[in-house]
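# Commentary on secondary and tertiary structure
Residues per chain, in single letters:
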Amino acid sequence: MTADGDARTAAHDRAAAERKAEIVRVLVDLGHSADAVVAQVLGEFRVPASVAGTLWALAPGTEPPTMREVAARLRCDPSTVSLAADKLQSSGLIARQPHPSDGRKRTLVLTERGHELWDELRSRLHDSGFFTNLDAEEQSTLLALLTKMQQRP
């Protein structure tokens, strides 16, 4: 490769690195803003913000996960999920139920109050203005791109 080719490659690599860093910066900024909305709703339900990750793993419409599955999704120790589940259960937001096909396992399911919390979260995030500048098609594209990013090798 020539010196000009090496310089172009290095400049291209720098530009790609800068673009990716900017994407991450924007995602982090948006994440902080979303976290503030979530923390406010959790506070109103008298739940500590520390359980937010576990709560996200219990999204309505998904199969009730075991605590180990939640820990794998959150990339944390199962004992951390167990503590969060204790807090959520004592707040009346979730229940532990036997796994439908393996009686040795327990799943985490939202209670009626847990569904009320989720409804409030959805409503507040919808009203937050995060998506004001995106039409429905752009929101679908964004979701597809972010989902694709999650599925890294």
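Just so you know, these numbers come straight off a predicted model, no measurement behind them. (Residues numbered from 1 in each chain as written. Predicted model: local features only at pLDDT ≥ 70, side-chain atom pairs only at ≥ 80, totals over all residues. Heavy atoms only, no water.)

## Quick look at the overall build of the chain
For the chain, the count of helices and strands is six helices and two strands. Relative to the 2.2 N^0.38 estimate, which gives 15 Å for 153 residues, the radius of gyration of the chain is 20 Å and therefore markedly larger than a compact globule would have. Overall size of the chain, expressed as C-alpha extent along the three principal axes, is 65 × 35 × 25 Å. Buried residues in the chain amount to 24% of all 153 residues. When contacts within the chain are restricted to residue pairs at least 6 apart in sequence, those whose partners lie at least 24 apart make up 50%. Separation of charge centres in the chain, based on 19 positive and 21 negative side chains, amounts to 7 Å. (Helix = DSSP H or I, 4+ residues; strand = E, 2+ residues; numbered from the N terminus. Rg over C-alpha atoms; globule rule 2.2 N^0.38 Å. Buried < 20%, exposed > 50% of the residue type's maximum accessible area, 1.4 Å probe, protein only. Contact = heavy atoms within 4.5 Å. Lys, Arg positive; Asp, Glu negative; His and termini not counted. Charge placed at Lys NZ, Arg CZ, Asp CG, Glu CD.)

## Some details on the packing of aromatic side chains
Each aromatic ring pair is characterised by the separation of its centres together with the angle its planes make. Scanning the entire structure with this criterion turns up two aromatic pairs. Measuring from centroid to centroid gives 6.4 Å for Phe130 and Phe131, while their planes differ by 80 degrees, and the two rings are edge-to-face. The class for Phe130 is partly exposed, based on a relative accessible area of 26%. (Phe/Tyr/Trp six-rings, centres within 6.5 Å; stacked < 30°, edge-to-face > 60°.)

## Examining the nonpolar core
Counting 24 residues, the largest nonpolar core has Leu55, Ile94 and Leu117 as the members making the most contacts within it. Contributions of two or more residues to this core are made by α1 (3-44), α2 (52-56), α3 (67-74), α4 (78-90), β2 (106-110) and α5 (112-127). Contact partners of Ile94, with chain neighbours within four places excluded, come to Leu58, Ala85, Leu88, Gln89, Leu108, Val109, Leu110 and Thr111. (Core = buried A, V, L, I, M, F, W, Y, C linked by side-chain atoms within 4.5 Å.)

## Looking at the side chain of Ser91
By secondary structure assignment, the location of Ser91 is in the loop between α4 and β1 (94-98). Among the polar contacts made by the side chain of Ser91, one reaches the main-chain carbonyl oxygen of Lys87 at a distance of 3.0 Å. Beyond its immediate stretch of four places on either side in the chain, Ser91 contacts Arg46, Val47 and Arg113. (Polar contact = N/O pair within 3.5 Å; in protein donor to acceptor, adjacent residues only side chain to side chain.)

## Considerations on the pattern of salt bridges
All chains considered together, the criterion is met by seven salt bridges. One salt bridge in this structure joins Asp29 and Arg25, with 2.7 Å as the shortest N-O distance. Placement of both Asp29 and Arg25 in helix α1 is noted, with a separation of four residues, approximately one turn of the helix. Its relative accessible area of 38% is what places Asp29 among the partly exposed residues. The salt bridge partner of Arg124 is Glu44, with a shortest N-O separation of 2.5 Å. (Salt bridge = Lys/Arg side-chain N within 4 Å of Asp/Glu carboxyl O.)

Geometric descriptors of this kind do not, in isolation, establish any biological role.
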